[in-house]
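Inside the fold
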Amino acid sequence: MISSIYKICLLFVNLLLYSTFLFSETSFPGINIFPSPVKLSMGGAGFLKASPSSFNLNPSVNKGKIFSASIIRYPASIISQNAGFIFPMKNNGFGGLSINYVSYGTFQGFDEDAQATGSFNSSDTRISAAHSKRLFKLPIMVGISSSIHLSNYNNHDIIFFTLNGGVHLKVDRYGTLMGMSINDLGKNISNIQIDLSPRIIYSVAKELKHLPLTFYMDIIPENKSSYAMYLGGEFAISDNFEFLLGTSTRKFDQNIEKDFFTSIIGSTGMGFGYDAKATIINYGVFMYGTGSLIHGIEIGISF
């Protein structure tokens, strides 16, 4: 057992060293959309918060037995539909399956002579499978997830795979989770060139003792001198209701100085959650720095 623990610890030390050479760059646009109203409500924070329909998280946090479905509406009639299921497995493990579909709408095509060629649809579909497991009797969870992406843009079909790996440590004494994940390690198998840039995410979740609040912080290095920071909070209003709020340093990149209110509130999300043990409902709104709004709702069942 000691030998196995040593090998696993050595693996994550190597991952940590490898991560110092990873910097987030502009990647395929369908990868980093909001997959759930919870992430949307916290402005992109919450990589250590489990969500059945979310692929954009640390895969080691999946737990419980939950099914959920959600719909998110973007500007320009873009719609994201998501569904997922987390279920227990043997030996202190959990599995997850999800499907995410984004419709960019119907467009009118034209040829080089500006003659109409008919309408066409554009969409992204992502099918994911995940597995997480407790590391022996240690307060450590490890997880991995893989996805196949199917994208259609007029007559162009794109197929590629991505892999996420993560680990987190639970410190019960301080009500704290500390995690690290490497997301979006990709392999393109289509004939069209696309950018697939892996990301390293450092995450912390902390339950405050004197406030009914769980605080989330996620840091994503972007280059050798800068990083993106996401901050979110989950406020327990009562036993069943919670208020979510979050923002990120993206607000500075997205600020177009349209007006004072948009500059302050831009790149910020907020929402409400209802958890009656068997029924879960989440609703969230996110405002871009341009003033454009996204809103989504999720309904889940806990078994």
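For clarity, every value in this text was computed on a predicted model and none was experimentally measured. (Residues numbered from 1 in each chain as written. Predicted model: local features only at pLDDT ≥ 70, side-chain atom pairs only at ≥ 80, totals over all residues. Heavy atoms only, no water.)

**Points about the confidence of the model for the protein**
- Residues with a pLDDT of 70 or more make up 85% of the protein, whose mean pLDDT is 84.
- Within the model, the stretch residues 1-13 combines pLDDT values under 50 with 9 contacts to residues more than four positions away or in other chains. (pLDDT = per-residue confidence, 0-100. Contact = heavy atoms within 4.5 Å.)

**Describing the pattern of salt bridges**
- Under the definition given, this model contains 3 salt bridges.
- Among the salt bridges present, the one from Arg199 reaches Asp184, with a minimum N-O distance of 3.1 Å. With Arg199 in strand S8 (residues 199-207) and Asp184 in strand S7 (residues 176-188), this pair connects stretches of sequence that are 15 residues apart. Comparing Arg199 with Asp184 shows no difference in burial state: the two are buried. (Salt bridge = Lys/Arg side-chain N within 4 Å of Asp/Glu carboxyl O. Helix = DSSP H or I, 4+ residues; strand = E, 2+ residues; numbered from the N terminus. Buried < 20%, exposed > 50% of the residue type's maximum accessible area, 1.4 Å probe, protein only.)

**Considering the packing of aromatic side chains**
- Here the structure, examined in full by the defined rule, presents 8 aromatic pairs.
- Relative to Tyr274, the ring of Phe241 lies with its centre 5.1 Å away and its plane at 50 degrees, an arrangement referred to as tilted. In this pair, Phe241 sits in strand S11 (residues 241-248) while Tyr274 sits in strand S12 (residues 268-275), placing the two residues 33 residues apart along the sequence.
- For Phe241, a relative accessible area of 43% gives the class partly exposed.
- Through a chain of ring-to-ring contacts, the aromatic side chains of Phe34, Phe286 and Tyr288 assemble into a single cluster.
- Taking NZ or CZ as reference, Lys39 lies 3.5 Å from the ring centre of Phe47, over its face. (Phe/Tyr/Trp six-rings, centres within 6.5 Å; stacked < 30°, edge-to-face > 60°. Lys NZ or Arg CZ within 6 Å of the ring centre and 35° of its normal.)

**Description of the pairing of S12**
- Summarising the sheet, S11 and S12 pair through 7 bridges and their orientation is antiparallel. From the neighbouring strand, Leu244 faces S12, where its bridge partner is Gly271.
- Summarising the sheet, S12 and strand S13 (residues 279-287) pair through 8 bridges and their orientation is antiparallel. For Tyr274, the partnering residue across the bridge sits in S13 and is Ile281.
- Between the antiparallel neighbours S12 and S13 lie 3 residues, among them Lys277 with a positive phi of about 70 degrees. (Pairing = 2+ DSSP bridges.)

**Describing the environment of Ser151**
- Counting through the fold element by element, Ser151 comes out in strand S5 (residues 140-153).
- Residue classification places Ser151 among the buried positions, given a relative accessible area of 5%.
- Between the C-alpha atoms of Ser151 and Ser123, which are 28 residues apart in sequence, the distance is 5.8 Å.
- There is a polar contact of 2.6 Å between the side chain of Ser151 and the side chain of Asp124. (Polar contact = N/O pair within 3.5 Å; in protein donor to acceptor, adjacent residues only side chain to side chain.)

**Considering the nonpolar core**
- Counting 15 residues, the largest nonpolar core has Met42, Ala45, Leu48, Ala205, Tyr216, Ile220 and Tyr230 as its most contacted members.
- Looking at this core, the elements with two or more residues in it are S8, strand S9 (213-221) and strand S10 (227-236).
- Counting 10 residues, the second largest nonpolar core, distinct from the first, contains Phe34, Phe55, Tyr74 and Val102. (Core = buried A, V, L, I, M, F, W, Y, C linked by side-chain atoms within 4.5 Å.)

**Examining unusual backbone geometry**
- The phi torsion at Ser77 lies on the positive side, around 65 degrees, for a residue other than glycine.
- Residue classification places Ser77 among the exposed positions, given a relative accessible area of 62%.

**Focus: a nonpolar patch on the surface**
- Where nonpolar side chains cluster on the molecular surface, the patch consists of Ile99, Ile127, Leu150, Ile159, Phe161 and Ile189 and spans about 480 Å² of accessible area.
- As for its placement among the helices and strands, Ile159 is situated in strand S6 (residues 156-171).
- We classify Ile159 as partly exposed; its relative accessible area is 32%. (Patch = residues over 30% accessible without salt bridge, like charges linked within 9 Å, V, L, I, M, F, W, Y side chains within 5 Å. Areas by Shrake-Rupley, 256 points an atom, 1.4 Å probe, with all protein chains shown as cover.)

**Things to note about the environment of Leu150**
- Relative to the elements of secondary structure, Leu150 occurs in strand S5.
- Spatially, the C-alpha atom of Leu150 lies 7.1 Å from that of Phe160, the residues being 10 residues apart in sequence.
- Residues contacting Leu150, with those up to four places away along its chain left out, are Ser123, Asp124, Thr125, Ile158 and Ile159.

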